[in-house]
Amino acid sequence: MKSIVIQQPNMLVIEDRPLPTPAAGEVRVKVKLAGICGSDSHIYRGHNPFAKYPRVIGHEFFGVIDAVGDGVDTARLGQRVSVDPVISCGHCYQCSVGKPNVCASLVVLGVHRDGGFSEYAAVPAKNAKVIPDSISDKHAVMIEPFTIAANVTGHVSPTEQDVALIYGAGPMGLVTVQALKGVYKVKQVIVVDRIDERLAMAQRSGADWVINNGNQSLPALLEEKGIKPTLIIDAACHPSILQEAITLAAPAARIVLMGFSSEPSQIVQQGITGKELSIFSSRLNANKFPVVIDWLTKGLIDPDKLITHAFEYQHVKDAIELFEKDQRQCCKVLLTF
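Residues numbered from 1 in each chain as written. Predicted model: local features only at pLDDT ≥ 70, side-chain atom pairs only at ≥ 80, totals over all residues. Heavy atoms only, no water.

Visitor: Could you clarify how one ought to interpret the sheet that holds strand S4 (residues 55–56) in this entry?
Guide: Pairing between the strands of a sheet is mediated by backbone hydrogen bonds and can be parallel or antiparallel. The antiparallel open sheet is built from 3 strands, whose spatial order is S2-S1-S4. Looking at strand neighbours, the two that pair on one side only are strand S2 (11–16) and S4, the edges of this open sheet. With 6 bridges connecting them, strand S1 (residues 2–8) and S2 associate as antiparallel partners. Looking across to S2, one finds that Ile4 is bridged to Ile14. (Pairing = 2+ DSSP bridges. Helix = DSSP H or I, 4+ residues; strand = E, 2+ residues; numbered from the N terminus.)

The following block contains the structure:
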């Protein structure tokens, strides 16, 4: 079989590898579609401290089960599945409190273990989530990105009364817009970014108001409108954002950090305690695949609004370079196998 392998930073090859045999408790997935994420690019470029090389990247993938290991019901053969990349032990403290995404022995497919940019992948059977026939292949491969939004919104329980502010109109900001508007019916969703084309994507995903903060002051605009956000989501993660979010937030607001910067953020604690703000962080997803499958089945979200490009897997280098360089026109890129 063919596999996309990062041998070392900036060295991507398509290798011939033996067909994997699923171990006990595993299934083998014949991969049909995979999505490119920023973390795939980071591993390719050597910017992910968790990755070990060589590595088959890819943690967003969909396919059909074509073999099962010992202990797995043969009835699973032929099932259409999307794969949850979070592999957890199930018995540490973190798993016991419902946070397998930060398991003490966390393994993420495509990062710590070979992932889905391959014609076939062996994965734990419990991670291969069955996809209803009503969900198309290209929507099924988009489940993992939307689980990031499901994890974020699960922390803060949005309501129709919320006024939400999202920093960043990249893929993670956009899936969160769709969740807030389509699932939670949030009254007002404001998105701020410095790329007009990305802001247009945010509007297509349901944002009520978009602001380019590269040429106008976000605090001044919100003050002029008398808006105090009750929910702020940082999907851009520049070190300066957290303090601005604390300043802009309404009393009792919730702030969620979707990613991270390695640079320190300077914050004034009084702004947090004076308003009794709640600050959350979110990593990967904690058993959110069933949640997103339900959203798709009910038509509450629309992945088509995010998919902008598709490439045959043989052109993966071109696909990643487009993803990295064309932030104006490119959002979600799919690979076909």
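Visitor: I'm lost on the state of the cysteines in this one. Help?
Guide: By definition, a disulfide links the sulfur atoms of two cysteine residues through a covalent bond. On inspection of all chains with the given rule, the structure shows 0 disulfides. Residue Cys92 stays outside any disulfide, its sulfur separated by 3.7 Å from that of Cys89, the closest cysteine. The exposure class of Cys92 is buried, given its relative accessible area of 10%. (Disulfide = S-S within 2.5 Å. Buried < 20%, exposed > 50% of the residue type's maximum accessible area, 1.4 Å probe, protein only.)

Visitor: Whenever I open this one, helix H5 (residues 171–183) confuses me. Can you help?
Guide: An α-helical turn contains 3.6 residues, so a residue and the one three or four places further along point in the same direction. Helix length check: H5, at 13 residues, gives a terminal C-alpha distance of 17 Å against a target of 18 Å (1.5 Å per residue), a fit within 8%. Judged by how many residues are buried, H5 sits mostly within the fold: 11 of 13 residues are covered. Of the surrounding elements, those touching the buried residues of H5 are helix H4 (143–156), strand S11 (163–167), strand S12 (188–193), helix H6 (196–204), strand S14 (231–234) and helix H10 (289–297). Just past H5, the residue Lys185 takes up positive phi, approximately 55°. (Expected span 1.5 Å × (residues − 1). Contact = heavy atoms within 4.5 Å.)

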